[in-house]
Amino acid sequence: MFAFPKHLLAILAAMSATPAWAVTIWPIGDSLTSGFTVAGAYRPSLYNNLIRAGEPVTFVGSSTADATTTLTTTGQFRHDGHSSWFIADTPGSSMDNGKGLYESVQSWHATIPSPQVILLMIGTNDLNLNNSVSTASGRFALLLSRLEGLSPSARIIVGAVPKASETNRYKDASVTTLNASIQSYNNSISAVVAAHAANGKKVEFLDVNAAMTLADLGSDGLHFSQAGYNKLGSLWASAVLIPEPNTLLLLLLSLFCMGIRRR
């Protein structure tokens, strides 16, 4: 009769009680990722939802701005949400020069552990400030391709740009139909994501606006309230990849099953 070694049983018990893996997440975007009116934006809610679900998580990124007590005490304060940033630097535009994600993600990526999941939400400032809106989805496609090249094994979840108040505090006076522009942009980047997925890329689209409403916004009409960010964090959490099974645990279980068959 096969007796499963006691020391291996102890390892199994310890690994079951305290998972030895953690999904590495790279949040990327603007102030809706960093936090501006609400520290941490959606990230504290994302962290709490994943932990409650039993999913260990490690946030990575070049920035440590806008952390909360929870994020700081747990060591999960890193991200690449950058307030007032844009999709990419635009030729002929002064507002986004030096504040384009496309130009910066490569240097940021070089300083962080390889992410398993990338959460990308960008475009709000381009649309709200009327920054070459007609070519915004093209800039997004280039950014997405760059991220795919930097982390080819990562799952990239692209969030739709949330709706905003047509009278939000930061909107450029030249913008007359903001939410129509947001919807058009979201339709375009959703199509970009679908095309990349059809070509075998690990990318998907999260329709944030299917759940979020204008009632979730804070007093400035552009950023979310605390309750809104809590809701957004829950949406991200529901979309995040469940960590891959621990390979050592699978090996031990296989050995156990082999022992049973030999009895």
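Everything below is about the structure shown above.
In this section: the packing of aromatic side chains. Aromatic rings in a pair are described by how distant their centres are and how their planes are angled relative to each other. Tallied over the entire structure, the rule returns 5 aromatic pairs. Aromatic pair Tyr 47 and Phe 59: ring centres 6.4 Å apart, planes at 70 degrees, arrangement edge-to-face. Residue Tyr 47 is located in helix H3 (residues 43-52), and its partner Phe 59 is located in strand E2 (residues 57-59); the two are separated by 12 residues in the primary sequence. Ring centres of Trp 85 and Trp 108 lie 5.4 Å apart, and the angle between their planes is 40 degrees; this geometry places the pair in the tilted category.

Attention shifts here to the packing of helix H7 (residues 136-150) against helix H8 (residues 178-198). In the contact formed by H7 and H8, the axes pass within 10 Å of each other and the chain directions differ by 35 degrees. In this structure, H7 meets H8 at a crossing whose hand is right-handed. Between H7, through Ala 136, Ser 137, Phe 140, Ala 141, Leu 144, Ser 145 and Glu 148, and H8, the contact on the second element is made entirely by Tyr 185, Ser 188, Ile 189, Val 192, Val 193 and His 196. Here the contact of H7 with H8 is built from residues that sort into 8 nonpolar, 4 polar and 1 charged.

In this section: the nonpolar core. Of all hydrophobic cores here, the largest spans 33 residues; its most connected members are Trp 26, Leu 101, Leu 120, Phe 140, Leu 147, Val 158 and Tyr 185. It is H8 that contributes the most residues to this core, 6 residues altogether. In contact with Phe 140, other than residues within four places in its own chain, are Ile 87, Leu 120, Ile 122, Val 158, Tyr 185, Ile 189, Val 192 and Val 193. Within the second largest apolar cluster, 29 residues are counted, among which are Leu 46, Met 121, Ile 157 and Ala 239.

Inspection of every chain in the model, using the stated rule, returns 4 salt bridges. Taking the shortest distance from any N to any O, the salt bridge between Lys 171 and Glu 166 comes out at 3.8 Å. In this structure Lys 171 comes out as partly exposed when scored by relative accessible area, which is 21%. Glu 166 sits in the partly exposed class, given a relative accessible area of 30%.

Moving on, we come to unusual backbone geometry. Negative phi values dominate among residues other than glycine, just as trans dominates among peptide bonds. Backbone geometry at Asp 66 places phi at a positive 60 degrees, although glycine is not the residue there. With respect to the helices, strands and loops of the structure, Asp 66 is situated in the loop between E2 and helix H4 (69-74). Phi is positive for Asn 130, which is not a glycine, with a value near 55 degrees. Locating Asn 130 in the fold gives a position in the loop between helix H6 (124-128) and H7.

What counts, and where the lines are drawn
Here, residues in each chain are numbered from 1, in the same order as that chain's written sequence. Only residues with pLDDT of at least 70 are given local features in this predicted model, and only at 80 or more are side-chain atom pairs given and counted; all residues enter the totals for whole chains, interfaces and linings. The side-chain quantities take in all heavy atoms of the structure and omit both hydrogens and water. Note on aromatic pairs: the rings of Phe, Tyr and Trp (six-membered ring only in Trp) are paired at centre separations within 6.5 Å, and the planes decide the class, stacked below 30 degrees, edge-to-face beyond 60, tilted for the rest. Runs of H or I in DSSP of at least four residues are treated as helices and runs of E of at least two as strands, each being numbered from the N terminus. Axis geometry follows a simple rule: fit a line to the C-alpha atoms, using only the stretch in contact for helices, then measure angles between N-to-C directions, giving values from 0 to 180 degrees. Helix crossings get a hand from a simple test, with the near helix turned counterclockwise from the far one by less than a right angle marking a left-handed crossing and a clockwise turn marking a right-handed one. Note on contacts: a residue pair is in contact if any heavy atoms of the two residues lie within 4.5 Å. The nonpolar class holds Ala, Val, Leu, Ile, Met, Phe, Trp, Tyr, Cys and Pro. Asp, Glu, Lys and Arg form the charged class, and all remaining residues, Gly among them, are polar. Only buried Ala, Val, Leu, Ile, Met, Phe, Trp, Tyr and Cys residues count toward a nonpolar core, and they belong to the same one when joined by side-chain atoms within 4.5 Å. Relative accessibility under 20% of the residue-type maximum defines a buried residue, over 50% an exposed one, and the middle range a partly exposed one, all with a 1.4 Å probe and only protein chains included. Between Lys or Arg on one side and Asp or Glu on the other, a salt bridge is scored when a side-chain nitrogen of the former is within 4 Å of a carboxyl oxygen of the latter.

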